[in-house]
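Remarks on the overall topology
The residues making up each chain are set out below.
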Amino acid sequence: MAHYVINGGKPLEGSVVIGGAKNAALPIITAAILAGEKCRIENLPEIEDVKILCMILEKMGAKIEHVSDGCIDLDPTCIDPDKGVTFDMVSSLRASYYLLGALLGRYGYAQVAQPGGCSIGQRPMDLHIKGMRALGAEVNMSRGKITAKAENLVGADIYLDVVSVGATINIMLAACRAEGQTIISNAAKEPHVVDVANFLNMMGASIKGAGTNVIRIKGKKNLHGCTYAIIPDQIEAGTYMIAAAATGGEVTIRNIIPTHLEAISAKLMESGIRVTEGDDDNEFFITVSGRNAKPRAVNVRTFPYPGFPTDLQQPMMAFLTTADGNSVVVENIFEDRFNHVVELERMGANITVIGKTATVSGTERIYGAPIYASDLRAGAALIIAALMAEGESEVHNIKFIDRGYERLAEKLTALGADIKRVED
Ligand code: UD1
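Residues numbered from 1 in each chain as written. Predicted model: local features only at pLDDT ≥ 70, side-chain atom pairs only at ≥ 80, totals over all residues. Heavy atoms only, no water.

1. Digging into the packing of aromatic side chains
- Here the structure, examined in full by the defined rule, presents 2 aromatic pairs.
- Here the aromatic rings of Y97 and Y98 are separated by 4.7 Å at their centres, their planes lie at 85°, and the arrangement is edge-to-face.
- By relative accessible area, which is 10% here, Y97 ends up buried.
- On the basis of relative accessibility, which here comes to 3%, the residue Y98 falls in the buried class.
- Residues F199 and Y228 carry aromatic rings whose centres are separated by 5.5 Å and whose planes lie at 65° to one another, so their mutual orientation is edge-to-face. (Phe/Tyr/Trp six-rings, centres within 6.5 Å; stacked < 30°, edge-to-face > 60°. Buried < 20%, exposed > 50% of the residue type's maximum accessible area, 1.4 Å probe, protein only.)

Right, dumping it as structure tokens:
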């Protein structure tokens, strides 16, 4: 297994181009199953999760052609829904749950192994299943497999007890091919939910209200192929924004949608970091400067969009380890998303966790150490901590980081970081 060796203490300087959004790419690739024709998908991030999902679809019979960097043609017409996906294939890929909605919508039958993904809490699927049942599917769970079948999917009114990105998208996928209208209330409003809805609409679906908490879907008998470019990754952009601030550097982040980053910009500015937005030739960018700043402690509470994203809670905590004063970080979405804390403490951070609240007492500096990523965003937090720290760090378990950050070492090196990937 590979690890990163990082010599910290160097401010990041320059500009970085953000890739396509992981959490839009995964459902969009899966949504292509619903089309009766080939789809072209552009601006795909070069990450492990995308590679694994493409492999799963190919195993099921899809034909995928790599047209150019970040662009594939996906022909779903030869998919056999009986070629169930085995546990080892989906164990690392949470987003394989989208196969349930897409296969059910297209074939009236889906069998998927219960998905894995990051260990950040219980991550139940009750709302996905509630949604499929409301649409008329019979859903059974046994021996690690979820089987869903329906003669006919019929639109329904579905209220989500908890705002769930995965359940909102999964229900949207199945409902696109259901008879009549489906209304999802208390739906997730994340940018990737809107992106998936836009993709489905390009395929001929009728989805209104994505981006608000009520989504209306009129089912269609057939969906056709289309060409679609995925939105930029809000979380990758936020990670580089925080890294720029944390190292006291100045970085311009390109290929972004500034409104998606408002919660992060607001917190960084509250902490004393300069954030400016602009556009060049109709392309947006954001510049984050921590030069000559002594960041102040800020309180962070994670919430569904447009709140502060849970996926940036861990990177933000790394930044706050050397901020002036006490920061209170409350994780409201996942119950076990503080696994990075013990690693930050190993580097000299001072953090106390009680339940879903972490109190970070800023220290003058943190120090390089061997540290171990426990999940994807914990990994991003440790990379930021290692970039801030005095001395050398070894960041281990980087398979988690590879799942969601494209060409990380290359992008950070271009910004002046001293980072090397070592293949063990
Ligand atoms: C997705 C993202 C993940 C992000 C999270 C929240 C993907 C592949 N992953 O995960 O990066 O951190 O959104 O923005 O897009 N819940 C239930 N029952 C369910 C489903 C969810 O109780 O059936 C709860 C979860 O335990 C959690 C909350 O709802 O407390 C939100 O989870 P959800 O939005 O579904 O997260 P994921 O789709 O798993």
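2. Some points on the pattern of salt bridges
- The final tally for this structure, using the stated rule, is 20 salt bridges.
- In this structure, the salt-bridge partner of E46 is R407, at a minimum N-O distance of 3.6 Å. Residue E46 is located in the loop between β3 (39-42) and α2 (48-59), and its partner R407 is located in the loop between α13 (399-402) and α14 (408-414); the two are separated by 361 residues in the primary sequence.
- Looking at R407, the relative accessible area reads 33%, which means it is partly exposed. (Salt bridge = Lys/Arg side-chain N within 4 Å of Asp/Glu carboxyl O. Helix = DSSP H or I, 4+ residues; strand = E, 2+ residues; numbered from the N terminus.)

3. Here we look at helix α1 (residues 22-31)
- Of all 10 residues making up α1, 9 are buried, and the element is well covered by its neighbours.
- Within α1, burial applies to K22, A24, A25, L26, P27, I28, I29, T30 and A31.

4. Description of the sheet that holds β3
- The sheet built from 4 strands is open, its strands ordered β4-β5-β3-β13 with mixed pairing. Of all strands in the sheet, those bounded by a partner on one side alone are β4 (63-68) and β13 (227-229). Sheet twist, expressed as the average angle between the axes of neighbouring strands with direction ignored, equals 20°.
- Across 3 bridges, the pairing between β3 and β13 is parallel. (Pairing = 2+ DSSP bridges. Axes fitted to C-alpha atoms, helices over the stretch in contact; angles between N-to-C directions.)

5. Observations concerning the side chain of T302
- Its location among the elements puts T302 in the loop between β17 (300-301) and α10 (313-320).
- Overall, T302 belongs to the buried group, its relative accessible area being 0%.
- Within polar-contact distance, the side chain of T302 engages the side chain of E331 at 3.3 Å.
- Leave out the neighbours within four places in its chain, and T302 touches F308, P309, T310, Q313, V330, E331, N332 and I333. (Polar contact = N/O pair within 3.5 Å; in protein donor to acceptor, adjacent residues only side chain to side chain. Contact = heavy atoms within 4.5 Å.)

6. What about the site of the ligand?
- In the vicinity of the ligand there are 20 residues, among which Y97, D126, S164, D311 and I333 approach most closely.
- Between the ligand and P124, the relevant distance is 3.3 Å, taken from an oxygen atom to a main-chain nitrogen or oxygen of the residue.
- Within the contact set of the ligand, a nitrogen atom lies 2.7 Å away from a side-chain nitrogen or oxygen of D126.
- With the chains in place, 89% of the 740 Å² that the ligand exposes on its own is no longer accessible.
- Breaking the shell around the ligand down by element, the ones donating at least two residues are α5 (126-134) and α6 (165-175).
- In terms of residue count, the dominant contributor to the shell around the ligand is α5 (3 residues).
- The residue inventory of the shell around the ligand, partitioned by class, reads 10 nonpolar, 5 polar and 5 charged.
- Summarising the domain contributions, the shell around the ligand has at least three residues from each of domain 1 (2-17 + 232-423) and domain 2 (25-229). (Near = heavy atom within 4 Å. Areas by Shrake-Rupley, 256 points an atom, 1.4 Å probe, with all protein chains shown as cover. Nonpolar A, V, L, I, M, F, W, Y, C, P; charged D, E, K, R; others polar. Domains from an automatic or database assignment.)

7. What to know about the domain arrangement of the chain
- Taken as a whole, the chain is organised into domain 1 (2-17 + 232-423) and domain 2 (25-229).
- Taking the mean C-alpha position of each, domain 1 and domain 2 sit 30 Å from one another.
- Tallying the contact residues gives 20 residues for domain 1 and 20 residues for domain 2.
- At the boundary of domain 1 with domain 2, total buried surface from both sides reaches about 1,600 Å², with 55% on carbon and sulfur atoms.
- The three residues of domain 1 that bury the most area against domain 2 are Y305, R403 and E406, which together make up 39% of that side's buried surface.
- On inspection of domain 1 and its partner domain 2, the count reaches 2 salt bridges.
- Classifying every residue of the side of domain 1 that touches domain 2 by side-chain character gives 7 nonpolar, 5 polar and 8 charged. (Buried area = accessible area lost by both parts, 1.4 Å probe.)

8. Let's talk about the packing of helix α4 (residues 98-107) against α6
- α6 packs onto α4 with a crossing angle of 10° between their chain directions and a minimal axis gap of 7 Å. The orientation of α4 relative to α6 falls into the category roughly parallel. Of α6, the residues touching α4 (which contributes Y98, L100, G101, A102 and G105) are V165, G166, I169, N170, L173 and A174.
- Its residues placed into classes, the contact of α4 with α6 shows 7 nonpolar, 4 polar and no charged. (Parallel < 35°, antiparallel > 145°, perpendicular 65-115°, else oblique.)

9. Thoughts on unusual backbone geometry
- Cis rather than trans, the peptide bond between Y305 and P306 has omega equal to 10°.
- You can see P306 is positioned in the loop between β17 and α10.
- Of note, the phi angle at D281 is positive, near 50°, even though the residue is not glycine.
- Along the chain, D281 turns up in the loop between β15 (274-280) and β16 (283-289).
- Residue D281 is classed as exposed on the basis of its relative accessible area of 80%.

10. Looking at the packing of α1 against helix α7 (residues 191-202)
- Packing of α1 against α7 leaves a shortest axis separation of 9 Å and a crossing angle of 25°. Taken together, α1 and α7 sit at an angle that is classed as roughly parallel. In the crossing of α1 with α7, the sense of the turn from one axis to the other is right-handed. Within the contact between the two elements, α1 uses N23, A24, P27, I28 and A31 and α7 uses H192, D195, V196, F199 and L200.
- Per-class residue counts for the contact of α1 with α7 are 7 nonpolar, 2 polar and 1 charged. (Left-handed = near helix turned anticlockwise from the far one by under 90°.)

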